[in-house]
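Each chain, written out:
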Amino acid sequence: DQQVKQNSPSLSVQEGRISILNCDYTNSMFDYFLWYKKYPAEGPTFLISISSIKDKNEDGRFTVFLNKSAKHLSLHIVPSQPGDSAVYFCAASYYGGSQGNLIFGKGTKLSVKP
Amino acid sequence: KAGVTQTPRYLIKTRGQQVTLSCSPISGHRSVSWYQQTPGQGLQFLFEYFSETQRNKGNFPGRFSGRQFSNSRSEMNVSTLELGDSALYLCASSLGQITSSGNTIYFGEGSWLTVV
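Read on for a plain summary of the structure. Owing to the predicted nature of the structure, the values given are computational and were not obtained by experimental measurement.

## So, the overall build of chain B
Counting secondary structure elements, chain B contains zero helices and eleven strands. Reading the helices (α) and strands (β) of chain B from amino to carboxyl end gives β-β-β-β-β-β-β-β-β-β-β. Its C-alpha atoms give chain B a radius of gyration of 13 Å, near enough to 13 Å, the size a compact globule of 116 residues would have. When each of the 116 residues of chain B is scored for burial, the buried share is 53%. Carbon and sulfur atoms provide 48% of the accessible area of chain B, an area that totals close to 5100 Å². Placing the 10 positive and 6 negative side-chain charges of chain B at their respective mean positions leaves the two points 2 Å apart.

Below, the structure is given as structure tokens:
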């Protein structure tokens, strides 16, 4: 049972346009959400996070939106750059969870074309 | 400040052998967790160590084990290797336990294991 789902395995965007990466979750206990970026042959790099008490968090070109009622979060990258091409993982956690409660989605591969 | 360091970066082993991977966390971080990444499966949690104790364990067979030392460095061991164990093994560190909400984990570059 996948608690964190990234339904789009891949996304292709033109340079300069907006990239929107989506993530859905099923466990209403989740209260902290993170996005990681991963290049081939490297470990994931932390990008941005959001607590469930907020609905938006911004860091430069990256903005994460959280819709708790829909159990949905999204990562917006504006403007997209070729260097953003990577696999993006969303992750969710909650206090007191077990089984390693930082649960990752399977990732979305973003390709930004020049 | 140095990041999470994993060794070795690449290794090839034969079925039936065992392997030990090493991880040095970010200075001051007390939690080390291990993940396996295979194509199409995303990041799957193996286990977490905090203050030298295993705090959480994922759904992996007993062939996968680990330990943490007093300096927070951690090792992961896989015994009786199978072809399906070929994967990228990632170590991550954080200040507190990953079950503490609001805790961000930072990954190393991973160890690529190929079992032939």
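## A few points about the sheet that holds strand 1 (residues 4–5) of chain A
Pairing between the strands of a sheet comes from backbone hydrogen bonds, and it takes one of two forms, parallel or antiparallel. All names here are of chain A. A sheet is described by the order of its strands in space; here five strands give the open sequence 1-3-8-7-6, paired in antiparallel fashion. Of all strands in the sheet, those with a lone pairing partner are strand 1 and strand 6 (56–59), marking the two edges. One ladder, built from six bridges, connects strand 7 (residues 62–67) with strand 8 (residues 72–77); its direction is antiparallel. Bridge pairing in strand 8 places phenylalanine 65 opposite serine 74.

The rules behind these values
Residues numbered from 1 in each chain as written. Chains lettered and ligands numbered in written order. Predicted model: local features only at pLDDT ≥ 70, side-chain atom pairs only at ≥ 80, totals over all residues. Heavy atoms only, no water. Helix = DSSP H or I, 4+ residues; strand = E, 2+ residues; numbered from the N terminus. Rg over C-alpha atoms; globule rule 2.2 N^0.38 Å. Buried < 20%, exposed > 50% of the residue type's maximum accessible area, 1.4 Å probe, protein only. Areas by Shrake-Rupley, 256 points an atom, 1.4 Å probe, with all protein chains shown as cover. Lys, Arg positive; Asp, Glu negative; His and termini not counted. Charge placed at Lys NZ, Arg CZ, Asp CG, Glu CD. Pairing = 2+ DSSP bridges.

That's the geometry; what it means functionally is another story.
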